[in-house]
Amino acid sequence: KGANLTITGGSYYGGGTAVQVQEGTLTITGGHFAVEAFGEPYGYNFLLNCIDSAYKNGSAKIIVKGGTFVNYDPSHSNSENPQANFVAEGYSVISEQHGADTWYTVVRAVGSADTLKAAIEEGAPYIQLTNNISICENGSVAFDKDFVLDGNGHSVYAKEQLKILGGDVVFRDVTFSSPKALYVKGASFVMEETATIESEVDGNAAIWFYGNANAEIRGTVIAPKAYGICVHRAETDKPNTVKIDGAKVESWGPALYVN
């Protein structure tokens, strides 16, 4: 009541309501939310809820920038009269069926290099592309935040080198290409089955793990003029841990090179 609360993760299960705002502002950037549904007409409609009078006068607010909600779409919430859109500007909702339940996940929609950079810097946990984009136009770019990059079937082209230097990063349903190696150091990196690297590198490697990286490669790496996956570290770095599980690697030189 009267507080500013930010939920960044975790699992929340309530009776009828997972989080209720009497007064103040609730911001959600991550987490999994579900309820034991009340009888009709309530159902799952009050999973996120503001006290009506406080919502109407603006003293109770909910801002959703991430998270997954079971059988509840926060962009069309029937908890308020007549209906509320709790999803922040620039974000959207995707849905996925899980048995009899529908899971609604809030994602940051991006369609350009500038909006991608902004989304990562603001800490958006789930980023979904709306079209093909080109990044690193004026030099290498480094990211060190947690994020899932869902290409939604689109591609990312890096003119200069993209470096992942921290955080937990997932590539999903995206094709990445560049004339430079994708550089990963000091980060957790997962390349899912639906992700592809189509490397334009000439004589180096499609992806370099360069110390203190923890990675899992399950997707496709194609490098017609270069090595595939390279695992390397300087003497001062901690070792890498790279798991290759069901991946497809086609390369000019070694598919896997451990230096």
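Structural notes, computed from the coordinates.

Rules used throughout
Residues numbered from 1 in each chain as written. Predicted model: local features only at pLDDT ≥ 70, side-chain atom pairs only at ≥ 80, totals over all residues. Heavy atoms only, no water. Core = buried A, V, L, I, M, F, W, Y, C linked by side-chain atoms within 4.5 Å. Buried < 20%, exposed > 50% of the residue type's maximum accessible area, 1.4 Å probe, protein only. Contact = heavy atoms within 4.5 Å. 1 Å grid on protein atoms, 1.4 Å probe; cavity = no way out; pocket = protein on both sides within 12 Å on 5 of 7 lines; lining within 4 Å. Points joined across faces, edges and corners; volume = space filled by probe spheres on them. Helix = DSSP H or I, 4+ residues; strand = E, 2+ residues; numbered from the N terminus. Nonpolar A, V, L, I, M, F, W, Y, C, P; charged D, E, K, R; others polar.

### With respect to the nonpolar core
Thinking step 1. Membership of the largest hydrophobic core comes to 61 residues, with the highest contact counts inside it found for Leu48, Phe171 and Phe189.
Thinking step 2. Excluding residues within four positions of it along the chain, Leu48 makes contact with Val19, Ile28, Ile62, Val64, Phe69, Tyr72, Ser77, Ser79 and Phe86.
Thinking step 3. Listed in part, the five residues of the second largest apolar core include Tyr126, Val148, Val170 and Val190.

### Brief notes about the layout of surface pockets
Thinking step 1. Of the voids in this model, the largest pocket is the one considered here, and its volume is about 380 Å³.
Thinking step 2. Around the largest pocket sit 20 residues that line it, and Gly67, Thr68, Thr105, Tyr126 and Arg172 are the ones nearest its centre.
Thinking step 3. Broken down by element, the lining of the largest pocket gets its largest block of residues, four residues, from strand β9 (residues 91-98).
Thinking step 4. Per-class residue counts for the lining of the largest pocket are six nonpolar, 11 polar and three charged.

### Describing unusual backbone geometry
Thinking step 1. In this structure, Pro82 follows Asn81 across a cis peptide bond, with omega equal to 0 degrees.
Thinking step 2. Residue position: Pro82 is located in the loop between β8 (68-70) and β9.
Thinking step 3. Even without a glycine there, the phi angle at Asp173 is positive, about 50 degrees.
Thinking step 4. Locating Asp173 in the fold gives a position in the loop between β17 (168-172) and β18 (175-177).
Thinking step 5. One non-glycine residue, Asn212, lies in the positive phi region at around 60 degrees.
Thinking step 6. By the secondary structure assignment, Asn212 is in the loop between β22 (205-209) and β23 (214-217).
Thinking step 7. By relative accessible area, which is 40% here, Asn212 ends up partly exposed.

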